[in-house]
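# Results of the structural survey
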Amino acid sequence: MKILRNLIVAAALLVIAAPAFAYFQPNVNLGFTSFLDGAPPAGPGHYVQEYLQYYTSDDLDGIPGGDVDVFVLMNQYTYQSNQELLFPDARWGINVMVPFVDIDSNLPNNGSGIGDLLIGPYLQWDPIMGKNGPFMLNRVELQLILPTGDYDNNKLLNQSSNHFSFNPYWAATIFPAPKVTASWRLHFLWNGENGDFGPGKADLEPGMALHGNWAVAYELMPKELRVGVNGYFFEQLTDTKINGNDSGDDESVVAIGPGAVYHFSKDMHLFANIYKEFRANDRPEGDRINFRFVYHF
């Protein structure tokens, strides 16, 4: 048991950094998406989306005096087809995302590099109509996180998690009133094993988790500007295992803040979000600023 305790302490000091900047968890969508998330904004076609996210924390749980600043440039390509598949009114599509991550910390071995590739085939359902137009939009995606990014087991901070993850989600938007929208994206996260964790090359298997984003918006300027409140959560369901033994790691966090989306046209949109984290457990607690630009062609 003494060997296990020493291994857990060493693992706790080896922070795995990703867009979510978790200790042991892979990169996941915390705050990248928000308003009107239930469907691509302009229907079928090709989309290019660029995200710029800044995360900062001087409260790294388990690392006294640790602080970190992370910049993430996420590059996303989406194709939304007009062909029905499997179900009536369900049209197939695919998302491909490649992040570039820059890490600046008072811990050693910082730097920039490519994060893990995310690929997700999905089904987008046609709108559920109400009396005055669309009432609900729905999409289900089977997202895969592939360990293709930069990873070095001797580094304290890495861009890749170095293991496969399955991260399917359900995204939806409802229109409860003429100028009001509410959106959410709910993920289930299953993680594979990183067999090259830390200088000792331990076997690390992060626990399963639920995580999600939500947003409520009001249309302040017709067809131009929506403002509102957005947030996210992460809740680990099972313990992380190190060399097959439970580590006691149980990551969780909640965040909330203001946000807005500006519609330049039906094909061009800019999202802005600010998040303040609280109630973090076994992971950093900090602030997050996110910009997302969507272009349909």
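To keep things clear, this report deals only with the structure shown in the data block. Predicted model, so just to flag it, every value in this text is computed and none were measured.

Cut-offs applied
- Residues numbered from 1 in each chain as written.
- Predicted model: local features only at pLDDT ≥ 70, side-chain atom pairs only at ≥ 80, totals over all residues.
- Heavy atoms only, no water.
- Patch = residues over 30% accessible without salt bridge, like charges linked within 9 Å, V, L, I, M, F, W, Y side chains within 5 Å.
- Areas by Shrake-Rupley, 256 points an atom, 1.4 Å probe, with all protein chains shown as cover.
- Salt bridge = Lys/Arg side-chain N within 4 Å of Asp/Glu carboxyl O.
- Helix = DSSP H or I, 4+ residues; strand = E, 2+ residues; numbered from the N terminus.
- Phe/Tyr/Trp six-rings, centres within 6.5 Å; stacked < 30°, edge-to-face > 60°.
- Buried < 20%, exposed > 50% of the residue type's maximum accessible area, 1.4 Å probe, protein only.
- Lys NZ or Arg CZ within 6 Å of the ring centre and 35° of its normal.
- Polar contact = N/O pair within 3.5 Å; in protein donor to acceptor, adjacent residues only side chain to side chain.
- Contact = heavy atoms within 4.5 Å.

Next up on the list: a nonpolar patch on the surface. A cluster of nonpolar side chains, namely L52, F71, L73, V98, F100, I114, Y262, F264, L270, I274, I289 and F291, defines an oily patch on the protein surface of about 980 Å² accessible area. Among the secondary structure elements, those contributing two or more residues to the nonpolar patch are strand 2 (68-84), strand 3 (90-105), strand 17 (252-265), strand 18 (268-281) and strand 19 (287-296). Turning to its location among the elements, V98 is positioned in strand 3.

Time to look at the packing of aromatic side chains. Under the criterion given, the structure shown has ten aromatic pairs. Centroid distance F24 to F197: 5.9 Å. Interplanar angle 75°. Geometry classified as edge-to-face. Linking F24 in the loop between helix 1 (2-13) and strand 1 (45-57) with F197 in strand 11 (residues 194-197), this pair joins segments that are 173 residues apart in sequence. With respect to burial, F24 and F197 carry one shared label: buried. In this structure, R185 is placed above the aromatic ring of Y169, and the distance from its NZ or CZ to the ring centre is 4.2 Å. Stacked on the ring of F271, the Lys or Arg R292 has its end atom at 4.6 Å from the ring centre.

This paragraph deals with the side chain of H211. Its location among the elements puts H211 in strand 13 (residues 209-221). For H211, a relative accessible area of 0% gives the class buried. Polar contacts involving the side chain of H211 include one to the side chain of N167, which spans 3.1 Å. When residues no more than four places from it in sequence are discounted, the contact partners of H211 are V28, N29, L30, N167, R185, L186, H187, L189, F233 and F234.

This part takes up the environment of L210. Looking at the element boundaries, L210 is found in strand 13. Given the relative accessible area of 36%, L210 is considered partly exposed. Counting along the chain gives 118 residues from L210 to W92, while the straight-line C-alpha distance between them is 25 Å. With residues near it in sequence (within four places) discarded, L210 still touches H187, F188, F233, F234, E235 and L237.

None of this, on its own, says anything about what the molecule does.
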